[in-house]
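Examining the three-dimensional arrangement
The residues making up each chain are set out below.
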Amino acid sequence: MRIAITGATGNVGTALLRRLAAEPDIDVVGFARRIPGPEAGAPYDKATWHSVDVGDPGSVERLAEWFDDAAAVVHLAWQAQGTEQRAQLRRTNLNGTRHVLDAMQRVGIRNLVYASSVGAYAPGPKDRYVDENWPVTGVISSGYSVDKATVEALLDGVERTNGGLRVVRMRPGLVFQHDAGAEFTRSFLGPLARFLLRRTLPIIPVHKQLRIQAVHADDVAEAYLSALRRDVQGAFNLAAAPVLDGWLLAEETNGLAVPMTPRAVRLFARAAWRANIQPTEVGWFDLLSAVPLLDCSRAERVLGWQARHDARQALRELLDGVAEGAGTAVPALQPLKSQMAMGGG
């Protein structure tokens, strides 16, 4: 069985490649803007690679050629950061998804597994869990969330007009693993957060709205494999216990938990972003404080899925990876040490 994976060198893509490498009947074709070099090693050496920018209109023809004979497409390609460049993000996230769908239609591929997110959901409760029927309208102040919700609406339309298409939508919480440490630092935390984790006592804000779920990348990969193996469709929430909050994060970082209002944290986050202290614009704070907690019983029932790592384990792995500047031998997950050696700062 041949599986085509866009965005195959990222956080989830790397974990999925690791998992599929253990399946002798699965042949992987990977797509990325910057593909692994011959020295990248496992798990990248088990795939056939093609360099493509899915946001380019010309990618449709090339993807259709390379999708040939694939049983399914796993669409992971996404740009999450750079709010000051919204047009570029939407080019990849929205146009790119349309191009992948157009290429699938050209060659008659009927199976799509799409990387959605908890971020696609409308604001929801933090004191109870919601299933996949919660509104998928996003958090309006988060560009990432708006794009995720827009793609879900696009898929709704495609399913209505193309009854033979099987679409699976994975909606995980935050996806953590050790090898994503450097990427989280570059894209979300910034060097100051890494310094605080390694050297000093970080201050961790605590509020009842500042609660979020996480899941290990390897467990997400297991859910993707189950979706590829089974005749299922629709959305699946993916998250592990316990729910992460300020108290737990303070324990794991030896930090100081300080009760704060969401408004105070938001003002601090905005000021730090504007001062280039950290790379995460305030829409991400809005997203994390707004999204609901996920009921994952459908994934357990339909996919036979359960998280093998709890959220505290996944968080510990990520924090260790952040402290170490951990990554892999591909551009998307390049370790911080390698970047520094190459003059990247």
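In case you missed it, the structure is sitting above this.
Residues numbered from 1 in each chain as written. Predicted model: local features only at pLDDT ≥ 70, side-chain atom pairs only at ≥ 80, totals over all residues. Heavy atoms only, no water.

1. Regarding the environment of Leu 336
Within the secondary structure layout, Leu 336 lies in helix H12 (residues 336-341). Note: C-alpha distance between Leu 336 and Ala 290 (46 residues apart in sequence) is 31 Å. (Helix = DSSP H or I, 4+ residues; strand = E, 2+ residues; numbered from the N terminus.)

2. Section: the sheet that holds strand S12 (residues 240-245)
With mixed pairing, 3 strands are arranged side by side in an open sheet as S8-S10-S12. Looking at strand neighbours, the two that pair on one side only are strand S8 (174-176) and S12, the edges of this open sheet. Strand-to-strand twist across the sheet, computed as the mean angle between neighbouring axes with direction ignored, equals 40 degrees. Examined bridge by bridge, strand S10 (residues 211-216) and S12 share 3 bridges and lie antiparallel to one another. (Pairing = 2+ DSSP bridges. Axes fitted to C-alpha atoms, helices over the stretch in contact; angles between N-to-C directions.)

3. Here we look at the pairing of strand S2 (residues 27-32)
Taken across its 6 residues, S2 has 5 buried, putting it largely inside the fold. As defined by bridge partners, strand S1 (residues 2-6) adjoins S2 across 5 bridges and the pair is classed as parallel. Bridged to Ala 4 within S2 is Val 29. Note on the crossover from S1 through helix H1 (residues 11-20) to S2: the handedness is right-handed. (Buried < 20%, exposed > 50% of the residue type's maximum accessible area, 1.4 Å probe, protein only. Right-handed = clockwise from strand over helix to strand, strands pointing away.)

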